[in-house]
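Secondary and tertiary structure notes
Next come the chains, spelled out residue by residue.
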Amino acid sequence: MGESEAIRERFLRTGDALTAVRERTASVDRTAADLFDANFGNGRASGIALVAVGGYGRRQLFPSSDVDLLFLVEKQAVATAAKDSISALLRELWDRDQRASQSVHTPAECATLTPGNSELSISLLDLRYLAGDLPLYDKLEERLAVFYARERDSLVRALAELTRTRHAKYGETIYHLEPHIKDTPGGQRDFQLSCWLTQLAHILPGAALPKSEKYLPPEATDELFEAKRFLFAVRCHLHYLNQRDNNTLTFEHQERIAAATGFAAAGDPAAWMRDYFRHVRVVHRQARRLLEEATTPQNSLFTMFRDRQTRLSNADFAVSRGLVFVRHPDALEADPSLMLRLFEFLARHGLPAAPETERRVARAVPAFRAQLESGDMPLWPAVAAILRLPHAYRALTTMHETGVLVALFPEYERIDCLVVRDFYHRYTVDEHSLRTIKTLHELKSATDPLTQHFSGVMAEIERPEVLLFALLFHDVGKGDGTGEHTAQGLRLVEGAMERLGLPEPDRDTVRFLIRHHLDMSATMTRRDLADPATAQAFAGVVSTIEQLQKLALLTYADINAVNPEALTPWRKDLLWQLYVATFNQLTLELEADRIGAAAVPLAEQIGRTPAECEAVRRFLEGLPTRYVRTHTPEQIAEHFRLEDTFRQKKVAVQLVRRHALWEAIVLAPDRPFLFASFAGTLSSFAMNIVKAEAFANSSDMVLDTMVFEDPGRLLELNPPEVDRLRSTLERVMVGKIDVHELLQKRSPAAPTLRPRIARHVAFDNETSAHDTIFHVIAEDRPGLLYDLASTFSFNHCDIDVVLIDTEAHKALDVFYVSTAGRKLADEPARLLCVELERACAGGE
């Protein structure tokens with residue numbers, strides 16, 4: 001057994017990652033030193049030294065980490081002369097499966113702060129001699145001690161900027177369901193940040209550089225050391241599982257590591273991830289505290305800004321260096337109202353609590369909880385004040401991290417760091433809930449017109465704190481683990497509302513919002529929004545405009561806080577369409593009455609001559625009224641102009657790029673399998689269909705539209721492919737190409753290890769007056785829409801409306817279907833469900 005394999009076996013048996021990384025470091029040390037001697041001559045070569053830096057320098061060489069080397073040269077002429085020897089050494093390292101990352105510098109270059117390249121100076125904090133000219137290395141250490149003492153402030157500012165950029169990339173939160181354990185807040189880089197900041201604080205000119213391979217900040221707790229052990233073990237597991245330096249903790253890896261690790265809650269990936277989040281929370285808090293303490297004002301303007309902030313101080317709280325301090329911290333344990341006033345202060349001004357303030361708050365939590373249990377304090381006014389203020393998310397996050405939120409709402413302990421593995425949400429349940437509140441407060445700064453619609457609705461809300469409180473609790477029932485979280489959440493929120501003392505009308509609103517918090521999202525993606533029956537049914541759910549407004553905003557926030565890509569412009573538009581349609585229904589301004597009378601005026605608006613007006617009227621004749629509801633006059637005019645091409649060629653195809661999506665519009669004679677052929681052609685080009693519409697007028701002309709993504713950027717990077725796709729669609733639509741042959745030519749998709757989605761197909765003969773509605777839930781895949789549409793065509797069904805939605809790799813498709821202009825009978829519909837489920841399986 002080789003040395004690397006022996007290290008791996010010992011780690012898998014013991015789980016001791018700290019020993020494993022030291023052992024790999026020692027092994028590479030021997031190899032690197034031997035290769036240096038072989039290429040540069042035995043003994044300590046003159047004018048050049050081999051130095052370990054970065055993670056290798058601090059003896060933290062993970063199984064697949066790069067071997068970071070510095071070739072230290074007395075002068076550049078030495079580097080030039082040694083070029084072949086350096087190349088040979090690196091080549092031999094690679095031949096021994098040691099991936100090296102190298103740089104060549106003189107001591108003077110190492111002790112110079114280069115703008116935009118502070119990473120080199122930071123990596124040298126962990127330098128370590130390996131081989132070669134020892135006096136040259138000693139000279140470098142001496143120069144670096146002076147350099148770091150002189151440039152300490154500049155390097156701290158550089159570290160702060162690098163950290164802020166890295167944290168912003170990950171949404172400023174540790175609570176990612178599939179975290180990058182090195183780079184996300186609370187990951188290994190944050191742990192190392194704490195070490196670097198403490199090293200820089202203790203460097204003295206002329207003294208030896210403090211090394212960090214065994215370094216923890218002086219005030220480090222057992223919690224921080226255990227967090228280090230945990231993170232190191234997870235990264236070792238990831239490297240061994242991936243056989244490369246991949247540090248993303250995917251759901252699959254969570255399952256495998258939870259089953260293999262010796263840590264708490266082994267074998268249960270969701271429970272094991274709670275351990276993960278609790279460890280990284282310790283790391284993140286320590287790094288943030290040290291960074292805030294080490295950061296100094298960068299210029300006079302910044303100093304003036306901080307001085308201005310001090311004017312926010314009052315009798316209870318002082319603002320210094322942009323941080324909030326409690327003037328009488330001992331009073332936190334005696335006066336629980338001071339605790340809540342502190343968080344109201346943070347929510348109002350958006351300033352962080354000083355690390356010392358957070359420590360004081362955490363120590364006062366037991367006394368705060370005891371005071372709350374006495375029931376002598378009116379809580380709802382204080383909580384409502386925090387929720388209303390613009391920086392409520394920041395205040396609530398600090399409350400959560402210090403234990404105040406759980407003391408105030410014991411129900412929240414159920415969802416603390418809770419992972420729900422649905423492959424759609426990006427954050428833990430508690431973080432998702434807090435982010436919904438952040439989302440609504442950010443509506444005030446909306447710039448795009450569609451989001452501004454919701455901002456306008458938010459401005460009309462009276463007592464927004466009731467809506468925000470409902471958001472705080474809308475998912476708390478997930479902590480029960482039964483899967484049906486709404487009923488459990490309703491039960492739990494009752495106790496919280498009783499303790500807070502919410503007025504009964506506000507309690508009714510909270511109950512309504514939690515009970516129906518999924519309804520609007522489901523309706524907008526699984527019902528035809530242009531069907532008056534949809535708005536009528538949903539108006540019956542919400543009953544009043546006030547409840548509609550709150551539920552629309554809750555839905556907006558809930559989807560937006562799932563992950564940064566969840567609330568696409570398309571979904572936002574669907575939500576707004578449902579809101580407007582239901583609003584009109586509630587105010588008795590029925591769109592159906594207006595649309596029926598709008599066809600002729602619309603024709604006169606689009607046509608420029610009487611003959612053209614008549615042509616537009618004939619074009620619209622027979623199209624369902626939902627076509628006019630869902631398209632602007634400009635879009636209708638654009639479709640009408642395509643009719644000229646249709647008359648000449650018996651087909652018209654238009655491809656348009658609309659921001660990140662593409663839209664394909666087809667006019668063709670109606671025939672069986674037309675819609676399926678349209679979908680199949682796009683699938684044969686590897687396009688991902690996200691929205692589809694199918695209309696037909698009284699002249700048997702079909703107007704189909706599909707909105708799709710181009711995940712491989714085929715059309716963007718290869719403009720001729722746009723013409724090829726357009727030409728292929730034209731030929732398929734008129735029957736010159738068999739779409740089935742196109743799909744057979746396409747390369748099969750690569751197999752995936754992700755968990756399979758349970759298929760579910762059902763029909764509904766009650767909701768629509770004219771159509772049978774089929775609901776399909778399945779694993780999304782290329783060609784799925786084609787297979788489903790083909791199944792309907794084989795069974796002589798007309799597809800009147802298609803609603804397509806996806807959550808991660810789950811397809812949620814809804815088809816409004818008729819046969820000979822009527823609904824299907826129940827028995828044929830049941831048989832068709834069986835065939836549709838078979839179509840979902842594809843080639844399985």
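Residues numbered from 1 in each chain as written. Predicted model: local features only at pLDDT ≥ 70, side-chain atom pairs only at ≥ 80, totals over all residues. Heavy atoms only, no water.

Brief notes about the packing of aromatic side chains
Convention followed: Two rings belonging to Phe, Tyr or Trp (six-membered ring only in the last case) form a pair when the distance between their centres is within 6.5 Å. Interplanar angles under 30 degrees mark stacking, angles over 60 mark edge-to-face geometry, and anything in between is tilted. Working definition: helices are DSSP H or I runs of at least four residues, strands are E runs of at least two. Numbering for both runs from the N terminus. A simple rule labels every residue: compare its accessible area, found with a 1.4 Å probe on the protein chains alone, to the largest value its type can have, and call it buried under 20%, exposed over 50%, or partly exposed in between.
For the structure on display, the rule yields 24 aromatic pairs. Judged by centre distance (5.9 Å) and plane angle (35°), the rings of F11 and Y240 are tilted. With F11 in helix 1 (residues 3–14) and Y240 in helix 10 (residues 222–242), this residue pair connects regions lying 229 residues apart in the sequence. Just as F11 is buried, Y240 falls in that class too. Clustering of aromatic rings is evident, with ring pairs tying together Y175, F230, W272, Y276 and F277.

A few points about the pairing of strand 8 (residues 661–669)
We apply this condition: Two strands pair if DSSP finds at least two bridges between them.
Judged by how many residues are buried, strand 8 sits mostly within the fold: seven of nine residues are covered. Pairing of strand 7 (residues 652–658) with strand 8, which is carried by seven bridges, proceeds in the antiparallel orientation. Directly across from L655, in strand 8, lies its bridge partner A664. Bridge count between strand 8 and strand 10 (residues 701–709): eight bridges; the pairing is antiparallel. Bridging from a neighbouring strand, P669 pairs with M701 of strand 10.

Remarks on the environment of R499
In plain terms, the rule: Should any heavy atoms of two residues lie within 4.5 Å, those residues are considered in contact. Throughout this description, a polar contact denotes any pair of N or O atoms lying within 3.5 Å of each other; where both atoms belong to protein, one of them has to be capable of donating a hydrogen while the other can accept it, and for residues adjacent in sequence the pair is counted only when both atoms sit in side chains.
In this structure, R499 sits in helix 23 (residues 485–500). Sequence spacing of R499 and F409 is 90 residues, and the spatial spacing of their C-alpha atoms is 9.1 Å. Excluding residues within four positions of it along the chain, R499 makes contact with L379, L408, F409, P410 and E411. Side-chain polar atoms of R499 contact the backbone oxygen of L408, separated by 3.4 Å.

Examining the packing of helix 25 (residues 519–526) against helix 26 (residues 532–542)
The cut-off we apply is this: With axes taken as lines fitted to C-alpha atoms, and helix axes fitted only over the stretch in contact, angles between N-to-C directions fall between 0 and 180 degrees. With respect to orientation, any angle under 35 degrees is reported as roughly parallel, any angle over 145 as roughly antiparallel, any angle of 65 to 115 as roughly perpendicular, and every other angle as oblique. The residue classification treats Ala, Val, Leu, Ile, Met, Phe, Trp, Tyr, Cys and Pro as nonpolar and Asp, Glu, Lys and Arg as charged. All others, Gly included, are polar.
Where helix 25 meets helix 26, the closest approach of the two axes is 12 Å, and the angle between their N-to-C directions is 175°. Comparing the axis directions of helix 25 and helix 26 gives the class roughly antiparallel. When helix 25 is examined against helix 26, the residues D519, M520 and T523 are found in contact with a partner set consisting of T534, F538 and V541. Broken down by class, the residue content of the contact of helix 25 with helix 26 amounts to three nonpolar, two polar and one charged.

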